[in-house]
Amino acid sequence: MTAWFAAGAVLSACLMLGMRRVETVVRLLRWQALCLVGVVAATWLAEQESLLGVALAVALVGKAGLIPAALLRLIRGLAPQPDGGPLLAPRLSLVAGAGAILLAAAFADRFPGGLPLPSARLLAAAITLALLGLFLVSASHKALIQIVGLFVIENGIYLAGMAVARGLPLLVELGVVFDLCVAVLVATVLLRRMNLTLQSLRTDRLRQLRG
Amino acid sequence: MSAHSISIGATPLLGGLAVWLLSFMLGLPPLAGLAAWAARRRSIGGAIHAAGALGWGAAGLGLAWVVSTGGGGTAWRGLIHIDHLSALLIGIVAGISALVAFYSIGYLKIEAARGRVTDRQVRYYYLLYHALVGLMLLVAAVNNLGLMWVAVEATTLVSALLVGFTGTPHAIEAAWKYVILCSVGIALALFGTVLTAAAGGPLVGAHGAGLDWTSLAPVADRLDPALMKVAFVFILIGYGTKAGFAPMHTWLPDAYSEAPSPASALLAGALLNCALYAIIRFHALTAMSVGAAFSSQLLIAFGALSIAVALPFLLAQHDLKRLLAYSSVENVGVIAIGIGLGSPLALFGALFHLLMHACTKTALFLAAGRIVQLYGTKTISQIRGASIAAPASGTLLLLGALAIAGSPPFGTFVGEFSIISASFLSDRSWLGAFILASLVCVFGGLLYHAGRVCLGNAPPLPHQAAGPFSLGSALIPIGLVLGLGLYLPPFIGEALREAVRIIAGGGM
């Protein structure tokens, strides 16, 4: 069951690579978060641990609810960005996507101490998400995509936590989600300012500081 | 008299006074920040800001003293754990942040008088300031390594707003680079934390305690070595990004340069050490699990690389604050090498240098801040005759440059000399020679640039510097560096030695 949800999360990340509009990418982020919630829910149902239920609620409200909503609100508040074709270079994205999946599978296999198959699958999905998030951050010139990439990396690590450590302590999970909400706030402040002063959210315009 | 002992499964509780101080230290920052932000006028906000800084500053220093002399322990049902290593960080953060808080008032008064910040922005600065300090103190005090991560990431987010405070295109660029680079880095550190939880889980048992230092340290020698190795690599790269290790340091010169000078002082003097602290904690765990060689070699490698990368940028630098930033990267490299060498002498040198560097760099940023405000520019070639136009700041800059370059009788000499000696003693003469050669270059470069700024004839200056309050904030740390270089009070020496024992052997 968890494998299906994990696969859904990976699919959403791969789809992000091919999108043309930032808004669609953020909607995919919401899908991804819901898939993660699905993983937690399936684990909760299987193991009946009450703390997981709380973690589930937190993930649902924070990752799948507040964060995508705040990002969409930010996008709508900014000047409409012209459609400049695919957000990321298509061929590079193809290589990155395939490479991420292969690398993740290789690492998950070699996990020190070995893992039971369901956990290994989850870990592979987690590493894929993290690598794809890293690709989004480094390959895109749009600040909004970079912040989405950051959240994808965090989703990957969240999933990794589920895979190898049955999730982190509840207080830590709460703290991480809280941090991510603060990150959206900070990104909103900075991006609004960036839009105001530079009239652009392209980070290739941010090359003034050198040396 | 030390109240703690290296024992398995029984960490003492913090004494009553310590718990009171802890509560003030952690409780005051959010209250003071919110109150200062909500104040009607800038002057009232400033008064609340100063009172708050005095409060948590005294509480933090007091707590550091109590723990250093009387031993550490846990509090708040195991949520908090303070030992000599935490006490070192708490002392640095509380002291430095309080001094810079007082400096900020005068600095912002001038900026407001010139119309560069509004009253509302000043109160917003106070809010961010106290939030940042509260989070940094939390990093030092918290027991759970996962919560430590939460606090470190939160400091990145809050300090990013301080970096972008002035709102200029350069500041926004610096703030964005900072947020993205450091958050990606810290995400890697989270993965390392997750792997540590995976290693600790089977040994510690209870779901919540899997990342508690007090649970992990006693069983560290039984943690899965392969897992801890992978975990440490991610931790080092992750927290190392925040600490300024090369090649992940690229955000640092931009952020330190574009932030308002008191914020730069806070970043360089306090926040940097929080990242180093996190690395040191994990290094201690990994060394107990895997043996010291693995993490030590990585630390030495990153340290040497940081020094090598920082050097050319330091020598050929045009911006006064970027100069200080690259100096931070170089010093972080020296500290990392000291931690990596691992002998008691090297560890002592590293921790002592951590303290000395924090004080010196703070004094330098504050002095440079006054000069930059006076001259209206950060470009070194445009600043001349600072020792005439602003005698106190100019002299402080020169003294600070001497100190940060490691010359005796400053305390920075003691730390760096210990590390160099330790590398020669441990058959790594090439490392000692490398550090020595780099320090000679740094000495030349820094004094050259400081000389350009301070000597010569001062051009007519349009602006006014801030009042004596600001000067005291810079004088105290440099005085401390000089004082501790000449005489090390026994209690500080003993406290540092206890902290060394924690890193070397996992004592609690």
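Numbering of residues begins from 1 in every chain and follows the order in which that chain's sequence is written. Each chain takes a letter, starting from A, and each ligand takes a number, starting from 1, following the order in which they are written. Where local features are concerned, this predicted model is filtered to residues with pLDDT of at least 70; where side-chain atom pairs are given and counted, the filter is 80 or more; whole-chain, interface and lining totals use all residues. In computing side-chain values, all of the structure's heavy atoms are included and hydrogens and water are not.

K.L.:
Help me out: how do you make sense of the side chain of Gln146(A) in this one?
P.N.:
Relative to the helices and strands, Gln146(A) resides in helix 6 (residues 143-165). Partly exposed residues are those whose accessible area sits between 20% and 50% of the maximum for their type, while under 20% is buried and over 50% is exposed, using a 1.4 Å probe and protein chains only. We classify Gln146(A) as buried; its relative accessible area is 9%. In this description, contact between two residues means that some pair of their heavy atoms is separated by no more than 4.5 Å. The residues contacting Gln146(A), other than those within four sequence positions of it, are Leu136(A), Val137(A), Ser140(A), Thr203(A), Trp176(B) and Ile180(B). Going along the chain from the N terminus, every DSSP run of H or I of four or more residues is numbered as a helix, and every run of E of two or more is numbered as a strand.

K.L.:
What exactly am I supposed to notice about the layout of surface pockets here?
P.N.:
Any empty space left between the atoms is revealed when a probe the size of a water molecule rolls over them. Definitions used throughout: a 1 Å grid over protein atoms alone; a cavity as a set of points that fits a 1.4 Å probe which cannot get out; a pocket as an open set with protein on both sides within 12 Å along at least five of seven lines; a lining residue as one with an atom within 4 Å of a point. Grid points are joined across faces, edges and corners, and a volume is the space filled by probe spheres set on the points. There is about 770 Å³ of room inside the largest pocket. Lining the largest pocket are 30 residues, with Gln146(A), Arg207(A), Lys177(B), Leu181(B) and Thr250(B) positioned closest to its centre. Where the lining of the largest pocket is concerned, the elements lending two or more residues are helix 5 (117-139) of chain A together with helix 6 (169-204), helix 8 (225-243), helix 9 (251-258) and helix 12 (320-341) of chain B. Examining the composition of the lining of the largest pocket, we find that 8 residues originate from one element, helix 6 of chain B, more than from any other. Each residue belonging to the lining of the largest pocket can be placed in one class, and the counts come to 14 nonpolar, 10 polar and 6 charged. Under the convention adopted here, Pro, Cys and the residues Ala, Val, Leu, Ile, Met, Phe, Trp and Tyr are nonpolar, Asp, Glu, Lys and Arg are charged, and Gly plus all remaining residues are polar.

K.L.:
I tried to follow the pattern of salt bridges on my own but got confused; where do I start?
P.N.:
Opposite charge on two side chains permits them to pair, given that their charged atoms come into close proximity. All names here are of chain B. Salt bridge, as used here: a side-chain nitrogen of Lys or Arg that lies within 4 Å of a carboxyl oxygen of Asp or Glu. Applying the stated rule across the entire model yields 12 salt bridges over all chains. Here arginine 42 ties to aspartate 119 by a salt bridge, and the two come within 3.4 Å at their closest N and O atoms. Of this pair, arginine 42 sits in helix 2 (residues 42-70) while aspartate 119 sits in helix 4 (residues 119-141), and the two are 77 residues apart along the sequence. Where aspartate 254 meets arginine 322, a salt bridge forms, and the shortest distance between an N and an O atom there is 2.7 Å.

K.L.:
Any chance you could explain the interface of chain A and chain B here in plain terms?
P.N.:
In many reports, interface size means the accessible area that the parts give up when they come together. Facing 45 residues of chain A, the contacting portion of chain B comprises 47 residues. Accessible area that two parts lose when put together, with a 1.4 Å probe and added across both, is what the buried area reports. Between chain A and chain B lies a buried interface of about 3,800 Å² when both sides are counted; carbon and sulfur atoms form 78% of it. Viewed at the interface, chain B and chain A are joined by 0 salt bridges. Polar contacts, as used here, are pairs of N or O atoms within 3.5 Å; protein pairs need one atom able to donate a hydrogen and one able to accept it. Residues neighboring in sequence count only if both atoms are side-chain atoms. Viewed at the interface, chain B and chain A are joined by 1 residue pair in polar contact (both at pLDDT 80 or more). Secondary-structure elements contributing two or more residues to the side of chain A that touches chain B are helix 5, helix 6 and helix 7 (170-198) of chain A. Here the side of chain A that touches chain B takes 16 residues from helix 7 of chain A, the largest share from any one element. Tallied by class, the residues present in the side of chain A that touches chain B amount to 29 nonpolar, 9 polar and 7 charged.

K.L.:
Explain the nonpolar core to me, please; I cannot follow it from the model alone.
P.N.:
One recurring pattern in soluble globular proteins: nonpolar side chains tend to sit buried together. All names here are of chain B. Side-chain atoms within 4.5 Å link the members of a nonpolar core, which is a set of buried Ala, Val, Leu, Ile, Met, Phe, Trp, Tyr and Cys residues. In this structure, Met148, Tyr239, Phe245 and Tyr256 are the most contacted members of the largest nonpolar core, which totals 268 residues. When residues in this core are grouped by element, the largest group, 21 residues, is from helix 13 (residues 344-375). Ignoring anything within four residues of it in the chain, the contact list for methionine 148 reads Val139, Val142, Tyr239, Tyr277, Ala278 and Phe282.

K.L.:
It is not clear to me how the environment of Gly340(B) should be interpreted in this structure. Could you clarify?
P.N.:
Inspection of the secondary structure assignment puts Gly340(B) in helix 12. Taking the C-alpha atoms as reference points, Gly340(B) and Val194(B), separated by 146 residues in sequence, lie 24 Å from one another.

K.L.:
Help me understand helix 3 (residues 50-77) of chain A, please; the structure alone is not making it clear to me.
P.N.:
Because each turn of an α-helix spans 3.6 residues, side chains separated by three or four positions end up pointing in the same direction. Expected span of a helix, by definition, is 1.5 Å for each gap between consecutive residues, and there is one gap fewer than residues. Counted at 1.5 Å a residue, the expected span for helix 3 of chain A with its 28 residues is 40 Å, and the 39 Å between its end C-alpha atoms agrees. To get the bend at a residue, fit one axis to the 7 residues ending there and another to the 7 starting there, then take the angle between the axes. Its maximal kink placed at Ala59(A), helix 3 of chain A deviates by approximately 30°.

K.L.:
Help me understand the environment of Ser140(A), please; the structure alone is not making it clear to me.
P.N.:
All names here are of chain A. If you trace the backbone, serine 140 turns up in the loop between helix 5 and helix 6. For the pair serine 140 and glycine 113, spaced 27 residues apart in sequence, the C-alpha to C-alpha distance is 36 Å. Residues within four places of serine 140 in sequence aside, it is in contact with Leu88, Phe135, Ile145, Gln146 and Thr203. Within the structure, serine 140 has its side chain in polar contact with the backbone nitrogen of lysine 142 (distance 3.0 Å).

K.L.:
Would you explain the packing of helix 7 of chain A against helix 6 of chain B in this entry?
P.N.:
Each pair of packed helices gets described by two things: the angle between the helix axes and the distance between those axes. Axis lines are fitted to C-alpha atoms, over the contacting stretch for helices. Their N-to-C directions set the angle, which ranges from 0 to 180 degrees. Direction vectors running N to C along helix 7 of chain A and helix 6 of chain B enclose 155°, while the axes themselves pass 10 Å from each other. Taken as axis vectors, helix 7 of chain A and helix 6 of chain B run roughly antiparallel relative to one another. Relative to helix 6 of chain B, the crossing made by helix 7 of chain A is left-handed. On helix 6 of chain B, the residues that touch Val176(A), Val186(A), Ala187(A), Leu190(A), Leu191(A), Arg193(A), Met194(A), Thr197(A) and Leu198(A) of helix 7 of chain A are Pro169(B), Ile172(B), Ala175(B), Trp176(B), Val179(B) and Leu190(B). Residues of the contact of helix 7 of chain A with helix 6 of chain B, tallied by class, amount to 13 nonpolar, 1 polar and 1 charged. Reported orientations rely on four angle classes, namely roughly parallel under 35 degrees, roughly antiparallel over 145, roughly perpendicular from 65 to 115, and oblique for the rest. In this scheme the crossing of two helices becomes right-handed for a clockwise turn of the near helix relative to the far one and left-handed for an anticlockwise turn of less than a right angle.

K.L.:
Any chance you could explain helix 12 of chain B here in plain terms?
P.N.:
All names here are of chain B. Between its terminal C-alpha atoms helix 12 stretches 32 Å, which fits the 32 Å expected from 22 residues at 1.5 Å a residue. With respect to burial, helix 12 is a largely interior element, 22 of its 22 residues being buried. Where helix 12 begins, the side chain of aspartate 319 points an oxygen toward the backbone nitrogen of lysine 321, at a separation of 2.8 Å. Directly after helix 12, the chain includes glycine 342, whose backbone phi takes a positive value near 80°.

K.L.:
What is the right way to read the confidence of the model for chain B from this model?
P.N.:
Close inspection of predicted coordinates is inappropriate for parts of the model with low pLDDT. Residues and elements named next belong to chain B. The score called pLDDT rates the predictor's confidence residue by residue, from a low of 0 to a high of 100. Residue-level pLDDT values for chain B average 90, and 95% of them are 70 or greater. Within the model, the stretch residues 1-9 combines pLDDT values under 50 with 16 contacts to residues more than four positions away or in other chains. For this predicted complex, the interface confidence score (ipTM) comes to 0.93, while the overall pTM stands at 0.94.

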